Amino acid sequence: MPTTPETTPETALEIALETALETNPETLPETAPETDSRQPAVTVLGLGPMGRALAGAFLTAGIRTTVWNRTPGREGDLTGRGAVTAASAAEAVAASPLTVICMVNYDATDAVLRQDAVEAALKGRTLVNLSADTPGRARDTGAWAGERGIRYLDGAVMTPAGTIGSPAGVFLFSGPAGTYEEHRPVLDGLGGTHTHLGEEVARAAAFDIALLDVFWTAMAGYVHALALADAEGVTPRELAPFAAGIARILPPLFEEFAGDVQDGTYSGAVNPVTSAVSTMAHVVHAAEEHGIDSGVMRAVEGLARRTVALGHGADGFSRAAEVLRRR
């Protein structure tokens, strides 16, 4: 179309496009997909085994994912799968409305997050902390975030990295329910079971630390049992199925002990602490005859004997929970 004094090349192009669209909409030049700006986006800080698993699950779910790690080169195949590697933590945070950080502890996360540029980038955005630490550190981080206008959720991953993105994953969250619900569609990309435990920001860390207590105390008992059995000529594989049988009786005991402690009943009708002390002593003596360190079992035996000395020998071992809380 020739131009006139009233028609500039720019307006001529607009008229031509409008005419083409009216006659054949398919002739309109392609533009960048609208989903670039509307597609859900997340940033993952920390690319250890768990962080890489989290980022991979988000990518699999079709979520635009930006990643960053303190040590470059930890991305693995993430960039090949579509992840964007940011040059700095601040740049990574600025790329998404939601940032998920997963590092070894809160000393590591503080070193990354508590920098002026990162704090400025996080302001008005949401931070989900899936690093492991104590409830006290979770409260401190929540207060830090609130003072800087950062929306904060604390969380915990309760299953190994290999479960992330599958139905076997288990995630705990705590903090403002509205913030959690807003970002739930993206967090669901991690797969598995998600539980919001309440508004108090340290609730997830409290559950996490208590459950880790169960796990590592149990594993300490199991490796001690393997050493003791092996010293007596019982191979680890011979013992394993019988140990699994012991594990199967624990769930009902967990429920019974929880009721005892919450209700203050501590019934010892079936197995009083006085009887338990005797079996604990047998384990200690047998192990030490073989030169096996029995520090863990000696500590448990000592707790049981202290419970008896306080006049609770006829109670169940659940009474020890109340004794532990005494100062």
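See the structure above.
Residues numbered from 1 in each chain as written. Predicted model: local features only at pLDDT ≥ 70, side-chain atom pairs only at ≥ 80, totals over all residues. Heavy atoms only, no water.

Peer 1: Would you explain the overall build of the protein in this entry?
Peer 2: Within the protein, the secondary structure is distributed over 14 helices and 8 strands. Counting every position in the protein, which comprises 327 residues, the buried fraction comes to 38%. Expressed as a percentage of contacts within the protein between residues at least 6 apart in sequence, the contacts between residues at least 24 apart total 60%. Of the accessible surface of the protein, which amounts to about 18,100 Å², a share of 59% is contributed by carbon and sulfur atoms. (Helix = DSSP H or I, 4+ residues; strand = E, 2+ residues; numbered from the N terminus. Buried < 20%, exposed > 50% of the residue type's maximum accessible area, 1.4 Å probe, protein only. Contact = heavy atoms within 4.5 Å. Areas by Shrake-Rupley, 256 points an atom, 1.4 Å probe, with all protein chains shown as cover.)

Peer 1: Explanation requested: the pairing of strand β6 (residues 151-157) in the structure shown.
Peer 2: It is a general feature of regular strands that their side chains alternate between the two faces of the sheet. Buried residues dominate β6, accounting for 6 of its 7 residues. Bridging between strand β5 (residues 126-129) and β6 involves 4 bridges; their strand directions are parallel. The partner of T126 across the bridge, within β6, is R151. A crossover links β5 with its parallel partner β6, the connecting element being helix α7 (residues 135-147), and its sense is right-handed. (Pairing = 2+ DSSP bridges. Right-handed = clockwise from strand over helix to strand, strands pointing away.)

Peer 1: How should the packing of helix α10 (residues 236-248) against helix α11 (residues 250-263) be read in this particular structure?
Peer 2: Helices that pack against each other are described as a pair by the angle of their axes relative to one another and the distance between those axes. Where α10 meets α11, the closest approach of the two axes is 5 Å, and the angle between their N-to-C directions is 30 degrees. As the angle between them shows, α10 and α11 are arranged roughly parallel. Between α10 and α11, the residues in contact are I246, A247 and R248 and L250, P251 and P252, respectively. (Axes fitted to C-alpha atoms, helices over the stretch in contact; angles between N-to-C directions. Parallel < 35°, antiparallel > 145°, perpendicular 65-115°, else oblique.)

Peer 1: Even after reading the chapter, I still don't get helix α8 (residues 177-187), so can you show me in this structure?
Peer 2: Residues that lie three or four places apart on an α-helix share one face, since the helix turns once every 3.6 residues. Among all positions of α8, only T179, Y180, H183, V186 and L187 are buried. Axial view of α8: buried residues confined to an arc of 100 degrees, hence all on one face. For α8, the exposed residues set more than 90 degrees away from the buried face come down to G178 and P185. (Arc of directions from axis to C-beta.)

Peer 1: Looking at this model, I keep getting lost on a nonpolar patch on the surface. Mind explaining?
Peer 2: On the surface, a nonpolar cluster with roughly 590 Å² of combined accessible area is contributed by V214, I246, I249, L250, L253, F254 and F257. Broken down by element, the residue count for the nonpolar patch peaks at 4 residues, all from α11. With respect to the helices and strands, I246 occurs in helix α10. (Patch = residues over 30% accessible without salt bridge, like charges linked within 9 Å, V, L, I, M, F, W, Y side chains within 5 Å. Salt bridge = Lys/Arg side-chain N within 4 Å of Asp/Glu carboxyl O.)

Peer 1: Even after reading the chapter, I still don't get unusual backbone geometry, so can you show me in this structure?
Peer 2: With a phi angle near 55 degrees, Y266 is a residue other than glycine that sits in the positive phi range. Looking at Y266, the relative accessible area reads 6%, which means it is buried.

Peer 1: Help me out: how do you make sense of the nonpolar core in this one?
Peer 2: In a soluble, globular protein the nonpolar side chains are often hidden away together inside. Core analysis: the biggest nonpolar cluster contains 28 residues, and L54, F58, V100, L130 and I164 have the highest contact counts within it. For this core, the leading source of residues is helix α3 (residues 49-60), giving 7 residues. What I164 contacts, discounting residues up to four positions off in sequence, is M50, A53, L54, A57, V157, F171 and L190. Residues A89, V118, W144 and V201 belong to the second largest nonpolar core, which totals 25 residues. (Core = buried A, V, L, I, M, F, W, Y, C linked by side-chain atoms within 4.5 Å.)

Geometry only, nothing functional implied.
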